[in-house]
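The residues making up each chain are set out below.
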Amino acid sequence: MTAESPLDRARLPASTLLVARHARLRQRLDTLSLDALVVTCAPNIRYLSNHTGSAGVFVLTRDGAHLLVDFRYRDAVASLQRSSSACPDLVVRDVPASYDEALLECLGDLGASVVGFEAAHVPVATHGRWQRMAGARQVDVTFTATESIVEDARVVKDSFEIATLRDAAARLTGVARSALDAVRAGETEWAVAGTIDAAIRDAGYERPAFDTIVASGPNAARPHHHPGDRVLADGDLVVLDFGGVLNGYCCDLTRMASVGAPSSDARRLYDAVYDAHQAAIAAVRPGVESTAVDAAARSLLDSRGLGAAFGHSTGHGLGLDVHELPRIARARADAAGVRLEPGMVFTIEPGAYVPGVGGVRIEDDVLVTETGCDVLTAVPHGLCSR
Ligand code: ZN
Ligand code: ZN
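Residues numbered from 1 in each chain as written. Chains lettered and ligands numbered in written order. Predicted model: local features only at pLDDT ≥ 70, side-chain atom pairs only at ≥ 80, totals over all residues. Heavy atoms only, no water.

**Regarding the domain arrangement of the protein chain**
1) Next: Under the domain assignment used here, the protein chain contains domain 1 (15–154) and domain 2 (159–385).
2) Next: Computed from C-alpha coordinates alone, the two centres of domain 1 and domain 2 are separated by 35 Å.
3) Next: Contacts between the two partners involve 8 residues from domain 1, matched on the other side by 10 residues from domain 2.
4) Next: Here domain 1 meets domain 2 over a buried area of about 730 Å², counting both sides, of which 50% is carbon and sulfur.
5) Next: For domain 1, the biggest contributors to the area lost against domain 2 are Leu17, Arg46 and Arg154; these three give 58% of the whole.
6) Next: For the interface between domain 1 and domain 2, the tally reads 2 salt bridges. (Domains from an automatic or database assignment. Contact = heavy atoms within 4.5 Å. Buried area = accessible area lost by both parts, 1.4 Å probe. Salt bridge = Lys/Arg side-chain N within 4 Å of Asp/Glu carboxyl O.)

In structure tokens:
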């Protein structure tokens, strides 16, 4: 007998939600004068079709939808299409040998001539091959690079996504309790990370959303430290950063522990980051620029002399990817801020890192509402002393 895995019982959005997603995307096709969009990025394919396999190509046209899959996914897609989560108007096309050949054949059958592709997900070599294959087959197709068309649509979550993200974030409460319980002098970072990963599975997630971070003592000064064999000792600050994937959607939390009583320096560092975190959350509401939320956290840390110790952005979007739009960060030449809208979900995670000494990060997941925001993660704050 095989146990049912969380993935087997993963819930998917209803067909009606996919109809709305397609309609939004088609408006973009219209604006960009594209006959079709070739989607090759797996989370984007899932978003548009409910196909959860790791391979496949999705083609959205002005009036149709096509999914190219090989025999490994034939059964799964057939049963998806018999369910209430079926992709609307989907034509499933078999890939007998090569995805490239199947795609060119599909585009030829559709008579699509201006075809967008996802520039961030298609290697230059693949694009060149498609264009050459089209020429050899005398298929009149011009492939046009597009940028984050589907990613932009994913920024504002629909009802299924919000419910799923709420559930995912709520389940972190129990995981955080196990994580904090596992912190004690004499344990290795690795052992604490193992306890967290087990708690993530026990809470019903499909998998951790990313490699769990347990960073103790001086390692806490490295925002993306990989847990190792360092043994936790009295006086350490410990960064615990973890998340899970539920029905495809990611949540992300960071809490801090102190091994033994924290020093007054550690407490000052914690208090500054906590105040920055609260200032950023207080700034979240519709109409505000994402850069202003970042600035709220940054100016608070600046005022405590910790501006230089906060070297990363304040937050990132959450959804089918653990890092997605919107960026909650300073404006960059290549990435402006966005105006916040109800339905956006992202993290607020300021930090302060002092090389050789340690660091603090506090992270929660928030949903922009009509009037402000809901904090989806309900884990108590405080420098938990173990
Ligand atoms: Zn995190
Ligand atoms: Zn994060």
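So much for the structure itself; the text now carries on.
**Concerning helix H4 (residues 99–110)**
1) Next: Given a rise of 1.5 Å per residue, 12 residues ought to cover 16 Å, and the 16 Å separating the end C-alpha atoms of H4 matches this to within 8%.
2) Next: Here H4 has its buried residues at Asp100, Ala102, Leu103, Leu104, Cys106 and Leu107.
3) Next: A distance of 3.2 Å separates the backbone nitrogen of Asp100 from a side-chain oxygen at the start of H4, and that oxygen is part of Ser98.
4) Next: Looking at the residues trailing H4, positive phi occurs at Gly111, about 70 degrees. (Helix = DSSP H or I, 4+ residues; strand = E, 2+ residues; numbered from the N terminus. Expected span 1.5 Å × (residues − 1). Buried < 20%, exposed > 50% of the residue type's maximum accessible area, 1.4 Å probe, protein only. Polar contact = N/O pair within 3.5 Å; in protein donor to acceptor, adjacent residues only side chain to side chain.)

**Remarks on the coordination of the zinc ion (ligand 1)**
1) Next: Donor atoms from the polypeptide that coordinate the zinc ion (ligand 1) comprise Asp241 (OD), Asp241 (OD), Asp252 (OD) and Glu363 (OE), at 2.0 to 2.7 Å from the metal.
2) Next: Considering all 4 donor atoms around the zinc ion (ligand 1), angles at the metal cover 53 to 149 degrees and the coordination shape is irregular.
3) Next: In the primary sequence, the donor residues of the zinc ion (ligand 1) line up as D-x10-D-x110-E.
4) Next: Between the zinc ion (ligand 1) and the zinc ion (ligand 2) the interatomic distance amounts to 3.1 Å, and Asp252 serves as a bridging ligand to the pair. Residue Asp241 is located in strand E9 (residues 237–242), and its partner Glu363 is located in the loop between strand E17 (358–361) and strand E18 (364–368); the two are separated by 122 residues in the primary sequence.
5) Next: Since its relative accessible area comes to 5%, Asp241 is described here as buried. (Donors = N, O, S within 2.8 Å, 3.2 Å for Na, K, Ca; no water. Tetrahedral: all angles 85-135°; square planar, octahedral: opposite > 155°, others 65-115°.)

**Looking at the coordination of the zinc ion (ligand 2)**
1) Next: For the zinc ion (ligand 2), every protein donor is listed as Asp252 (OD), His316 (NE2), Glu349 (OE) and Glu363 (OE), and the spread of their distances is 2.1 to 2.2 Å.
2) Next: Each of the 4 donor atoms around the zinc ion (ligand 2) contributes to a set of angles spanning 80 to 155 degrees, which defines the coordination as irregular.
3) Next: Each donor residue of the zinc ion (ligand 2) belongs to the same chain, and together they define the spacing D-x63-H-x32-E-x13-E.

**Topic: empty space enclosed by the protein**
1) Next: This structure, assessed with the given rule, holds 1 cavity of 30 Å³ or more.
2) Next: Lining the largest cavity, in full, are Arg11, Leu12, Pro13, Arg21, Arg46, Tyr47, Asn50, Phe160, Asn247, Tyr249 and Leu320.
3) Next: Both domain 1 (15–154) and domain 2 (159–385) contribute no fewer than three residues apiece to the lining of the largest cavity. (1 Å grid on protein atoms, 1.4 Å probe; cavity = no way out; pocket = protein on both sides within 12 Å on 5 of 7 lines; lining within 4 Å. Points joined across faces, edges and corners; volume = space filled by probe spheres on them.)

**Some thoughts on unusual backbone geometry**
Most peptide bonds take the trans form, and the phi angle of most residues other than glycine is negative.
1) Next: Here the residue pair Leu325 and Pro326 is connected by a cis peptide bond, since its omega of 5 degrees sits within 30 degrees of zero.
2) Next: Mapping Pro326 onto the fold places it in strand E14 (residues 324–328).
3) Next: The phi angle at Asn50 is positive, at roughly 70 degrees, despite the residue not being glycine.
4) Next: Assignment of secondary structure puts Asn50 in the loop between helix H2 (42–49) and strand E2 (57–61).
5) Next: One non-glycine residue with positive phi stands out, namely Asp89, at about 55 degrees.
6) Next: The topology assignment puts Asp89 in the loop between helix H3 (74–81) and strand E4 (90–94).

**Here we look at the packing of aromatic side chains**
1) Next: Summed over all chains, the structure comprises 4 aromatic pairs.
2) Next: Look at Phe117 and Trp130: their rings are 6.4 Å apart centre to centre, the planes differ by 90 degrees, and that puts the pair in the edge-to-face class. Taken together, the positions of Phe117 in strand E5 (residues 114–118) and Trp130 in helix H5 (residues 124–136) put the pair 13 residues apart, joining distant regions of the chain. Each member of the pair, Phe117 together with Trp130, is buried.
3) Next: Judged by centre distance (5.3 Å) and plane angle (40 degrees), the ring pair of Trp130 and Phe143 falls under tilted. Of this pair, Trp130 sits in helix H5 while Phe143 sits in strand E6 (residues 142–146), placing them 13 residues apart in sequence.
4) Next: The rings of Phe117, Trp130 and Phe143 are connected pair by pair, giving a single aromatic cluster.
5) Next: Over the ring of Phe310 we find Arg298; its NZ or CZ atom is 4.2 Å from the centre of that ring. (Phe/Tyr/Trp six-rings, centres within 6.5 Å; stacked < 30°, edge-to-face > 60°. Lys NZ or Arg CZ within 6 Å of the ring centre and 35° of its normal.)

**Details of the pairing of E5**
1) Next: A large share of E5 lies buried, amounting to 4 of its 5 residues.
2) Next: By the bridge criterion, 3 bridges tie strand E1 (residues 36–39) to E5 in an arrangement that is parallel. In the strand pairing of E5, Val38 is matched with Phe117.
3) Next: The sheet contact formed by E5 and E6 spans 5 bridges and is parallel. Paired with Glu118 across the bridge in E6 is Thr146.
4) Next: In this region the chain leaves E5, passes through H5 and returns to the parallel neighbour E6; the handedness of that crossover is right-handed. (Pairing = 2+ DSSP bridges. Right-handed = clockwise from strand over helix to strand, strands pointing away.)

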